[in-house]
Amino acid sequence: MVYIACRIKLTSLRWWCYFVKARNIIRTIYLIGMVKMILFRKFRVLILMVFLVACTMHIMIDLLPKLEKRAAGTNSGTGGCSCSHNPSEEPRNWAKQQARSGPEAGWPNKHTLRILQDFSNEPSSNLTSHSLEKVTGTDKADAVKRVKQVPGNSDSQKPLIKDPGAGKKANVPGFSRLAALYDHPLYKIDLPSLSDDDTLFSVNTDIRLYPKAAGNAEWHNEANAEEEEYSPTGGATAESYPNWLRFHVGINRYELYGRHNPVIEALLKDLVSQSITSVAMKSGGTQLKLIMTFHNYGQALFKPMKQTREQETPPDFFYFSDFERHNAEIAAFHLDRILDFRRVPPVAGRLVNMTREIRDVTRDKKLWRTFFISPANNICFYGECSYYCSTEHALCGKPDQIEGSLAAFLPDLTLAKRKTWRNPWRRSYHKRKKAEWEVDPDYCDEVKQTPPYDQGTRLLDVMDMTIFDFLMGNMDRHHYETFEKFGNDTFIIHLDNGRGFGKHSHDELSILVPLSQCCSTTLIEVILYSPAPGLNCRPHWNSILGGKYATK
């Protein structure tokens with residue numbers, strides 16, 4: 001009995017020990033959980049305090065400029081502005097102007113001071129820029145005096161391209177080399193008579209135009225408003241159309257515009273002088289391009305200046321990695337006219353105010369957010385594109401003026417569809433690979449058997465384009481376009497010439513491979529060394545290519 005009693009007592013003590021251990025373990029776990037909960041709550045409180053402090057600092061940063069402006073206005077009694085507006089001072093007051101004109105600009109200006117930092121207030125700011133900011137007192141007066149003494153320094157008088165004849169003997173009054181060139185018989189060949197199928201747009205003379213409905217005085221002549229209101233579109237009303245619309249109406253099967261069409265000169269003036277109402281980035285492409293809309297509803301493609309005119313393509317650059325040049329687009333248009341092709345849309349150079357004519361009128365938020373002020377007090381932006389669109393490749397004004405080319409738009413694709421063709425002599429766009437035409441000397445024989453190059457004038461047009469690209473040094477002709485309405489019997493549109501004129505002292509003979517494969521060596525020598533003022537090799541090409549290709 002004593003043994004049984006001892007056994008029971010020992011068992012009870014063992015279970016009691018187990019219970020005590022379990023209770024201690026539970027208490028330990030509970031204490032650890034309580035400590036973690038307390039620490040986590042303290043951490044959350046700490047995070048909340050840091051967030052509140054950060055918000056307070058941001059609010060103070062936003063309010064500080066306004067308080068300074070109010071204090072300055074109270075002291076001076078002029079509302080914080082003691083001088084008249086000056087374009088050269090625009091970059092320095094940009095952030096303040098944005099704060100004042102927020103509703104007008106249409107963009108939130110909450111973070112403007114942090115996005116567009118003004119470095120002009122820093123002691124270490126670079127004062128070697130072209131602006132007159134940070135020049136005060138007598139220094140500023142002297143600087144303004146020096147600027148005024150420079151002839152033609154104003155924006156309206158500043159030439160886009162320096163006159164190569166400056167300082168030289170002036171030409172004979174009334175003599176024009178271009179006019180003398182156009183007097184050559186090759187430039188007096190008439191086109192075939194045009195039918196409705198040969199014009200891009202058919203003007204219906206039964207439809208009457210009411211210019212007042214457009215609500216734009218530039219669409220008609222106010223002096224003859226009553227007369228023009230009920231005149232047919234085929235009469236005097238067509239003269240009141242915007243020049244860009246008259247350019248579109250004049251496109252036909254054989255040319256973009258007539259040889260002596262006065263509308264082109266007027267359109268070039270519009271590209272330079274028309275006020276810009278909106279700006280947007282053009283989608284696609286490797287480099288930044290802007291679509292600008294004018295007050296008369298015309299549109300143009302703007303290519304900004306990325307490098308100086310004297311800067312050539314580095315010898316180690318591939319043709320597909322070169323910068324596009326705005327002045328190459330301008331020169332290509334004039335070269336196209338001299339060659340009597342008339343296949344490049346009108347292009348003109350223009351000085352654009354980056355603040356008033358791009359930033360303030362754009363509705364593209366992605367473009368607007370890329371504007372900033374450089375340490376040299378110049379306004380810059382970089383936009384979005386495949387290459388060269390970053391802070392390191394930003395486009396900067398001097399201080400807010402930037403030069404560029406404006407190419408008139410062709411008719412909208414919904415009205416006049418265009419077909420894109422792959423250039424048979426397109427390059428490989430690869431560092432090591434070569435295209436088929438570079439390794440096959442008989443490549444042209446295959447091209448001649450392939451539509452649309454087997455008949456009509458398409459192959460001859462490609463030869464024209466080859467000569468055009470050779471004179472420019474353009475190796476970037478990967479595609480070309482034609483108007484779909486005219487089928488295969490029409491001209492090639494010479495678009496996108498920005499990579500031309502990269503090496504003025506180098507002739508890239510590989511561009512002439514189409515001629516060497518399809519034509520004779522004698523013809524190439526005629527093209528390279530002909531002293532004639534104008535050159536029309538189509539009869540030679542027609543005989544050399546077998547006589548089965550028509551000439552215009």
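Residues numbered from 1 in each chain as written. Predicted model: local features only at pLDDT ≥ 70, side-chain atom pairs only at ≥ 80, totals over all residues. Heavy atoms only, no water.

Engineer: Honestly, the overall build of the chain in this entry has me stumped. Any pointers?
Structural biologist: Looking only at helices and strands, the chain has 18 helices and 10 strands in total. Counting across all 552 residues of the chain, residues that qualify as buried make up 38%. Counting only contacts in the chain whose residues sit at least 6 apart along the sequence, the fraction spanning at least 24 positions is 67%. Taken as a whole, the chain presents about 32,900 Å² of accessible surface, with 58% of it coming from carbon and sulfur. (Helix = DSSP H or I, 4+ residues; strand = E, 2+ residues; numbered from the N terminus. Buried < 20%, exposed > 50% of the residue type's maximum accessible area, 1.4 Å probe, protein only. Contact = heavy atoms within 4.5 Å. Areas by Shrake-Rupley, 256 points an atom, 1.4 Å probe, with all protein chains shown as cover.)

Engineer: Help me understand the state of the cysteines in this model?
Structural biologist: Simply put, disulfide is the name for a covalent bond between the sulfur atoms of two cysteines. Taken as a whole and assessed by the stated rule, the structure comprises 3 disulfides. Covalent S-S linkage joins Cys380 and Cys396, the inter-sulfur distance amounting to 2.0 Å. Every disulfide takes its handedness from the sign of the S-S torsion; for Cys380 and Cys396 that torsion is 110°, giving right-handed. Of this pair, Cys380 sits in strand β6 (residues 379-381) while Cys396 is found in strand β7 (residues 395-396), placing the two residues 16 residues apart along the sequence. On the accessibility criterion, Cys380 (0% relative accessible area) is buried. Given the relative accessible area of 37%, Cys396 is considered partly exposed. Put simply, Cys385 and Cys389 are joined by a disulfide, and their sulfur atoms are 1.9 Å apart. Disulfide Cys385-Cys389: torsion about the S-S bond near 110°, hence right-handed. Classification of Cys389 as buried rests on a relative accessible area of 18%. Not part of a disulfide, Cys519 finds its nearest cysteine sulfur in Cys518, a span of 5.9 Å. (Disulfide = S-S within 2.5 Å.)

Engineer: For this particular structure, what's the right way to read the environment of Tyr480?
Structural biologist: Looking at where Tyr480 falls in the secondary structure, it is placed in strand β10 (residues 479-483). Among the residues examined, Tyr480 registers a relative accessible area of 2% and is labelled buried. For the pair formed by Tyr480 and Ile493, sequence separation is 13 residues and the distance between their alpha carbons is 6.5 Å. Beyond its immediate sequence surroundings of up to four residues, Tyr480 is in contact with Lys419, Thr420, Trp421, Arg422, Asn423, Pro424, Tyr453, Arg458, Met465, Ile492 and Ile493. A distance of 2.6 Å separates polar atoms of two side chains, one belonging to Tyr480 and the other to Tyr453. (Polar contact = N/O pair within 3.5 Å; in protein donor to acceptor, adjacent residues only side chain to side chain.)

Engineer: What am I meant to see in the packing of helix α10 (residues 326-338) against helix α15 (residues 458-472) here?
Structural biologist: To describe two helices that pack against each other, one gives the angle between their axes and the distance between the axes. Contact geometry for α10 and α15: axes closest at 11 Å, N-to-C directions at 130°. With respect to α15, the axis of α10 lies oblique. The interaxial crossing formed by α10 with α15 has right-handed handedness. The residues of α15 that touch α10, namely those facing Ala332, Leu335 and Asp336, are Phe468, Leu471 and Met472. A per-class count over the contact of α10 with α15 returns 5 nonpolar, no polar and 1 charged. (Axes fitted to C-alpha atoms, helices over the stretch in contact; angles between N-to-C directions. Parallel < 35°, antiparallel > 145°, perpendicular 65-115°, else oblique. Left-handed = near helix turned anticlockwise from the far one by under 90°. Nonpolar A, V, L, I, M, F, W, Y, C, P; charged D, E, K, R; others polar.)

Engineer: What's the story with the environment of Pro315 in this structure? I'm lost.
Structural biologist: Following the sequence through the fold, Pro315 ends up in the loop between β3 (299-304) and α10. Look at Pro315 and you get exposed, because its relative accessible area is 71%. Considering only alpha carbons, one finds Pro315 and Lys503, 188 residues apart in sequence, at a separation of 9.2 Å.

Engineer: Can you help me understand empty space enclosed by the protein in this one?
Structural biologist: Space left empty within the atom packing is revealed by a probe, the size of a water molecule, rolled over the atoms. The final tally for this structure, using the stated rule, is 1 cavity of 30 Å³ or more. Here the largest cavity defines a volume of roughly 170 Å³. Residue lining of the largest cavity: 17 residues in total, with Asn423, Trp425, Asp469, Arg477 and Ile511 positioned closest to the centre. Listed by contribution, the elements that provide at least two residues to the lining of the largest cavity are α15 and α16 (513-518). Here the lining of the largest cavity gets 4 residues from one element, more than from any other, and that element is α15. (1 Å grid on protein atoms, 1.4 Å probe; cavity = no way out; pocket = protein on both sides within 12 Å on 5 of 7 lines; lining within 4 Å. Points joined across faces, edges and corners; volume = space filled by probe spheres on them.)

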